[in-house]
Amino acid sequence: MAAAKNKDVLLTVNNLKKYFPITKGLFRRTAGYVKAVDGVSFQVRRGETLGLVGESGCGKTTTGLSLLHLIQPTSGRIQLQVKGKMLDVNSKTIGGLRREMQIIFQDPFSSLDPRMRIRDIVAEPLRAHGLKNRQQRYERVEALLNSVGLGAAHMNRFPHEFSGGQRQRIGIARALSLHPSLVVCDEPVSALDVSVQAQVLNLLDDLQEEFGLTYLFVAHDLSVVQHISDRVAVMYLGRIVEMAEVELLFSEPKHPYTEALLSAIPEPDPDIKGEQIILKGDVPSPADPPQGCHFHPRCPYATELCRQESPKLRPAGEGGHLAACHYAQKLNLNGVFPGETA
Amino acid sequence: MVIKKLLRNPLSMIGLVLLLGFVLIALFAPWIAPTLEEHKNEPYRVPRFGWGSSPSPPTKEHPMGLTQGKYDVFYGIIWGTRTAFQVGLIVTGLSCLLGVLIGSVSAYIGGKFDEVIMRFVDVFMSFPFLIAAIVITAVLGRGLDKVIIALVLFRWTGYARLIRGSVLQVKQDEYIMAARAGGVSHPAILVRHIIPNTIFPVLIQASMNMGSIVVTAATLSFLGLGAPEGYADWGQMISFARNWVLGSPGEPLKYWYTVVWPGAAIVLFVLSWNLIGDAFRDIMDPRIQA
Ligand SMILES: Nc1ncnc2c1ncn2[C@@H]1O[C@H](COP(=O)(O)OP(=O)(O)OP(=O)(O)O)[C@@H](O)[C@H]1O
Ligand code: SF4
Ligand SMILES: [Mg+2]
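So, how was this worked out
Residues numbered from 1 in each chain as written. Chains lettered and ligands numbered in written order. Predicted model: local features only at pLDDT ≥ 70, side-chain atom pairs only at ≥ 80, totals over all residues. Heavy atoms only, no water. Contact = heavy atoms within 4.5 Å. Salt bridge = Lys/Arg side-chain N within 4 Å of Asp/Glu carboxyl O. Polar contact = N/O pair within 3.5 Å; in protein donor to acceptor, adjacent residues only side chain to side chain. Helix = DSSP H or I, 4+ residues; strand = E, 2+ residues; numbered from the N terminus. Nonpolar A, V, L, I, M, F, W, Y, C, P; charged D, E, K, R; others polar. Pairing = 2+ DSSP bridges. pLDDT = per-residue confidence, 0-100. Patch = residues over 30% accessible without salt bridge, like charges linked within 9 Å, V, L, I, M, F, W, Y side chains within 5 Å. Areas by Shrake-Rupley, 256 points an atom, 1.4 Å probe, with all protein chains shown as cover. Lys, Arg positive; Asp, Glu negative; His and termini not counted. Charge placed at Lys NZ, Arg CZ, Asp CG, Glu CD. Buried < 20%, exposed > 50% of the residue type's maximum accessible area, 1.4 Å probe, protein only. Axes fitted to C-alpha atoms, helices over the stretch in contact; angles between N-to-C directions. Near = heavy atom within 4 Å. Donors = N, O, S within 2.8 Å, 3.2 Å for Na, K, Ca; no water.

Draft legend 1. Here's a closer look at the interface of chain B and chain A. Tallying the contact residues gives 22 residues for chain B and 25 residues for chain A. Between Glu124 of chain A and Arg192 of chain B there is a salt bridge, with its nearest N and O atoms 3.7 Å apart. Applying the counting criterion to the chain B and chain A interface returns ten residue pairs in polar contact (both at pLDDT 80 or more). Elements represented by at least two residues in the side of chain B that touches chain A include exactly helix H8 (174-181), helix H9 (186-222) and helix H12 (286-289) of chain B. Considering every element that reaches the side of chain B that touches chain A, the biggest residue donor is H8 of chain B, with seven residues. Taken together, the residues that form the side of chain B that touches chain A break down as eleven nonpolar, four polar and seven charged.

Draft legend 2. Spotlight on the sheet that holds strand E11 (residues 314-315) of chain A. Taken in spatial order, the eight strands line up as E6-E7-E8-E3-E9-E10-E12-E11 (chain A) in an open sheet, and their pairing is mixed. Strands with a single pairing partner mark the edges of an open sheet, and in this sheet they are strand E6 (101-104) and E11 of chain A.

Draft legend 3. Representation of the confidence of the model for chain B within the structure. All names here are of chain B. Averaged over all residues, the pLDDT of chain B equals 87, while 96% of them reach at least 70. Highest mean pLDDT in chain B belongs to H8 (95); lowest belongs to H12 (50). With a pTM of 0.85, the predicted complex shows an ipTM of 0.88.

Draft legend 4. Representation of a positive patch on the surface within the structure. All names here are of chain A. Together, Lys83, Lys85, Arg99 and Arg140 make up a region of like positive charge exposed at the surface. Here Arg99 lies in the loop between helix H2 (94-97) and E6. Residue classification places Arg99 among the partly exposed positions, given a relative accessible area of 34%.

Draft legend 5. Expanded view of the sheet that holds strand E1 (residues 9-24) of chain A. Residues and elements named next belong to chain A. Overall, antiparallel pairing links the four strands, which are arranged E2-E1-E4-E5 in an open sheet. At either end of the open sheet lies a strand with only one pairing partner, and these are strand E2 (29-45) and strand E5 (85-88). Geometrically, the sheet is characterised by an average inter-axis angle of 25° between neighbouring strands, direction not taken into account. With four bridges joining them, strand E4 (residues 75-82) and E5 adopt antiparallel strand pairing. Paired with Gln81 across the strands is Met86, a residue of E5. Each of E1, E2 and E4 is contacted by helix H1 (residues 60-67), which is oriented at about 115° to E1, the strand it contacts most.

Draft legend 6. Fine view of helix H10 (residues 234-241) of chain B. Residue and element names in this part refer to chain B. Taken across its eight residues, H10 has seven buried, putting it largely inside the fold. For H10, the complete set of buried residues consists of Trp234, Gly235, Gln236, Met237, Ser239, Phe240 and Ala241. Buried residues along H10 sit in contact with helix H2 (10-27), strand E1 (66-67), strand E2 (71-72), helix H4 (73-109), H9 and helix H11 (256-283).

Draft legend 7. Quick peek at the site of ligand 2. Taken together, 13 residues are adjacent to ligand 2, and Cys293, Cys299, Cys306, Cys325 and His326 of chain A come closest. Of the residues contributing to the shell around ligand 2, the split by class is ten nonpolar, three polar and no charged.

Draft legend 8. View of the pattern of salt bridges. Residue and element names in this part refer to chain A. Here the structure, examined in full by the defined rule, presents 16 salt bridges over all chains. Ionic pairing is found between Lys60 and Glu187, a salt bridge with its closest N-O pair at 3.7 Å. Linking Lys60 in helix H1 with Glu187 in the loop between strand E7 (182-186) and helix H6 (194-211), this pair joins segments that are 127 residues apart in sequence. Among the residues examined, Lys60 registers a relative accessible area of 4% and is labelled buried. With a relative accessible area of 7%, Glu187 lands in the buried category. The salt bridge involving Arg119 is made with Asp120; its shortest N-O contact spans 3.6 Å. Looking at Arg119, the relative accessible area reads 18%, which means it is buried.

Draft legend 9. A look at the coordination of the magnesium ion (ligand 3). Residues and elements named next belong to chain A. Looking at the magnesium ion (ligand 3), one finds its protein donor set to be Thr61 (OG1) and Gln106 (OE1), positioned 1.8 to 2.6 Å from the metal centre. Taken together, the positions of Thr61 in helix H1 and Gln106 in the loop between E6 and helix H3 (118-128) put the pair 45 residues apart, joining distant regions of the chain. Relative accessible area serves as the criterion here: at 28%, Thr61 is assigned to the partly exposed category. Among the residues examined, Gln106 registers a relative accessible area of 26% and is labelled partly exposed.

Here it is as structure tokens:
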């Protein structure tokens, strides 16, 4: 994708945590926490797309929502670059920073108010940000709809009159209405038919170029982010376990979990019989994560050390390759070679 | 569009026609049942024709007869329509407003706040209404306005509960979060997203309640807590029938007109609102329209 590779950092996330309390009984005693996001750190550079990948429930959406303070993070520091300055994103500053950070939601069927017309849905952020003149708002809406492949004819309709793909385009138009610099795309195509997924991905690609957007692109499998991302972060049970440039992550994974995810990508050529690694067991509950390395109950390489000690996210190769595995340097894991997958 | 759909359903048609009839009667009361010259300033005072206490049957001048105390039933029914609308609309409007406001804010804020408010609602709901109404009118005095106050005080809780349930669901929807992401303030979210998506069950309930409020108000009048004697009010008209419904020995239907006319007015009024409420239920949801 448009690899605008100037290195300035747009977003820095440091040790972000979100624990949901589990309450029990009549008096809502806190009986424990779901550690949905448990110490996540990463940076996003201006103009790039960072893919965030992991199985269902690993905390991708929670990460995205916490970044935008749509849910209150438990702890951690979030900083966004605005006009050359790194500004803290917290509950006091978020009001002024909303126009910089937007989100496209996972489910296009529940992310549009069923009782609002499209023009008012797309215009709502403009209105909330003080564009009082209705006429001007609707002109902007028309331009936005045009840039996502819809038009003035759709303005007066209600969401139920649209298909999933069209609804997602409306959601995109709304997210872009304030000209944000960062857009969190939370599995924007996973709810769509396969046939329209590519169209929406291409649209996002074009819009990134047109508006100079930076994406945090969430997906639950690697094949979706392969083509759209510059770098990829792999998440497991609330933590990032590996992060690297997309080609490196695919060809030389340094974490056994990434290796397993890569082996699950279907081969286009049936002759190359890559061996799929079947992970044993299910993803453990984030309310009760395993001791030591979160991945050890399912990891084919686990040792006693892994059961005892939790590995930190550390440099594991060239080009800022990071991995959270005690044996990241020693294991010789199988990747896929560029061009090998669809 | 809504109107068109209402017209297509025969039952709601009946409801609409009945309601329209009542509206016309209320509007044109001064022409249908002109106020006597000597009562010009008190049109809600039902005129009396004669001084006996027993009812007298319908005649040309008094097409629905005279009830106990020689009050003109026809006049009472016609002007009582206005009273029914006044009580129904004021009570429904105020209790709806109060209930929607308290219920939706409570659910939207949620947590401990919501819990406290709902316990408060429980307390209100656990009071037997009639006893509470008797106490209130005993304290405030008799009269329609007191009846209205008592009704509002004990009716808003139903709406509050109803809307609270839907708000708790709707506030989880992603479009609420999308609005937050767009920078929309909490009050604006409540007004523009939450209430429009939760108000319809309340409106349906309200239209159903229009009828039952009039019945309750009539009950209070029947118990002597409502309008002062002689005020044009259907409940009052029925209470006049109290001693005559059983007729006289050998002639059980002798005084039928004392109870049939006001009874019919109340039943039809309730029916019209219920039919309309039913029809609204089927129509008002754009998600079903698709
Ligand atoms: N509001 C909440 N209250 C309690 N637990 C929550 C809440 N939201 C999410 N969780 C839990 O946090 C964990 C992470 O959820 P999250 O939605 O972030 O996962 P995800 O990676 O986006 O998954 P998916 O691919 O299914 O969207 C899950 O175990 C989920 O059950
Ligand atoms: S630390 Fe151990 S258990 Fe965890 S991924 Fe590495 S080898 Fe597997
Ligand atoms: Mg998610």
